[in-house]
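Notes for the structure review
Spelled out, the chains give:
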Amino acid sequence: MSRAVFLSVVVPMYNEEEVIETTYRRITQVLEALGETYEIVFVNDGSRDRTAPIVRELGASDKRVKLIDFSRNFGHQIAVTAGMDYASGRVVVLIDADLQDPPELIPDMIARWREGYDVVYGKRIARKGESWFKKATASAFYRILQAMTSVDIPLDTGDFRLMDRKVCDAIRQMRERSRFIRGMVSWAGFRQTALEYVREERFAGETKYPLRKMIRLSLDALTSFSTKPLKFAGILGFMMSAAGFIYLLVVLYQKFFTDTTLQGWTSMVVISLLFHGITLSLLGVFGEYIGRIYEETKGRPLYVVAETLNVEREEEAELRERQLDLRR
Ligand code: UDP
Ligand code: MG
């Protein structure tokens, strides 16, 4: 790529009008001090507020500000993916728009990269200003995920990380829809190291990750990195059949050797409720996987871009071609 820079910082945004200008300033301050060429790739994930106009204004006076404007909300992980697609840097940093991940850590990450690491991920040793519910569910989620997957996904890390170009390209090869980028980076391998940090409070505004989106992300993570729920379904089915067979013997014994057969109503109801409950929840597990298979087979692009700013024409054409290559 002709206009390649040293560092690309990817910032996904969804309704971040309250923070985005400050975020731009803080990131710029850090990057200016570095003395390397850089770009900031802002991805507007279908915000309905003034996020995009604000970035467009910033981009008018600062050509290092790129904007990828989605046609609608596609979700955080997809927004990050688009940013990685458009990033031209030798190293790529992913960071949230709300300043919960301090940009001041970027120089430390680059120092680690210079030591020879290909991935430097931020590990949260504390999380400020988040509800006990979020912290508890997040902590439980990372531990369940670790128990269920064969890929070693580090505990308590978000997407705040630095990646070498080769790692970024490896991730870009993976065009699956159910994306869990932290997991994909672990899967890709390379030399990885953690950088511990305290996750700050959100600078302004509210979380754009309501429970609904958190559940979807967890399900994406589990289903794309583990088939254990399917195996569990099989094991549970086998155990229940074994129990059912034993009870069948009991029932036959009662029928032929006692006169208490009609009393069995309660047990019938209990068994019926139990089995139906289990059957239906297992169908749900299958459904989660089948739905994802269906989504993949459609082979749609991951996102639709409505408009870009400060993205070179040739660069865009090249990207489109590469993206077609990637889908083959
Ligand atoms: N985000 C996004 N699309 C979404 C939801 C969130 O691009 O559908 C962005 C959001 O603007 C922020 C980052 O993803 O830059 C993390 O979101 P947030 O800070 O709300 O999540 P939390 O830190 O509360 O988990
Ligand atoms: Mg946040």
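Our structure's up above, just so we're on the same page.
Throughout what follows, the structure given in this document is the object of discussion. Predicted model only: the values in this text are computed from it and were never measured.

Their axes nearest at 10 Å, the elements helix H9 (residues 228-257) and helix H10 (residues 265-298) cross at an angle of 160°. For the element pair H9 / H10, the angle class is roughly antiparallel. The handedness of the crossing between H9 and H10 is left-handed. Contact residues: Pro229, Leu230, Ala233, Leu236, Met240 and Tyr247 in H9; Ser267, Ile271, Leu274, Phe275, Ile278, Leu282, Val285, Phe286 and Tyr289 in H10. Residues belonging to the contact of H9 with H10 are distributed by class as follows: 14 nonpolar, one polar and no charged.

Here the focus is the side chain of lysine 134. Mapped onto the fold, lysine 134 is located in helix H5 (residues 132-148). Setting aside residues no more than four positions away along its own chain, lysine 134 makes contact with Arg127, Thr207, Tyr209 and Met214.

With distances of 1.9 Å, the protein atoms coordinating the magnesium ion (ligand 2) are Asp98 (OD) and Gln100 (OE1). Accessibility assignment for this pair places aspartate 98 and glutamine 100 in one class, buried.

What follows concerns the pattern of salt bridges. A side chain of one charge can pair with a side chain of the opposite charge if their charged atoms are brought near each other. Applying the stated criterion to the full structure yields 24 salt bridges. Aspartate 85 is the partner of arginine 172 in a salt bridge, and the nearest nitrogen-oxygen pair spans 2.8 Å. You can see arginine 172 sitting in helix H6 (residues 165-173) and its partner aspartate 85 sitting in helix H3 (residues 76-86), a full 87 residues away along the chain. Judged by its relative accessible area of 1%, aspartate 85 falls in the buried class. With its nearest N and O atoms 3.1 Å apart, the salt bridge here joins aspartate 159 to arginine 182. Placement of aspartate 159 in strand E6 (residues 157-164) and of arginine 182 in helix H7 (residues 181-188) is noted, with a sequence separation of 23 residues between them. In this pair, the class of aspartate 159 matches that of arginine 182, namely buried. Taken together, the shared-partner salt bridges in this structure form one network comprising Asp85, Arg165, Asp169, Arg172 and Arg175.

The rules we used
Residues numbered from 1 in each chain as written. Chains lettered and ligands numbered in written order. Predicted model: local features only at pLDDT ≥ 70, side-chain atom pairs only at ≥ 80, totals over all residues. Heavy atoms only, no water. Axes fitted to C-alpha atoms, helices over the stretch in contact; angles between N-to-C directions. Helix = DSSP H or I, 4+ residues; strand = E, 2+ residues; numbered from the N terminus. Parallel < 35°, antiparallel > 145°, perpendicular 65-115°, else oblique. Left-handed = near helix turned anticlockwise from the far one by under 90°. Contact = heavy atoms within 4.5 Å. Nonpolar A, V, L, I, M, F, W, Y, C, P; charged D, E, K, R; others polar. Donors = N, O, S within 2.8 Å, 3.2 Å for Na, K, Ca; no water. Buried < 20%, exposed > 50% of the residue type's maximum accessible area, 1.4 Å probe, protein only. Salt bridge = Lys/Arg side-chain N within 4 Å of Asp/Glu carboxyl O.

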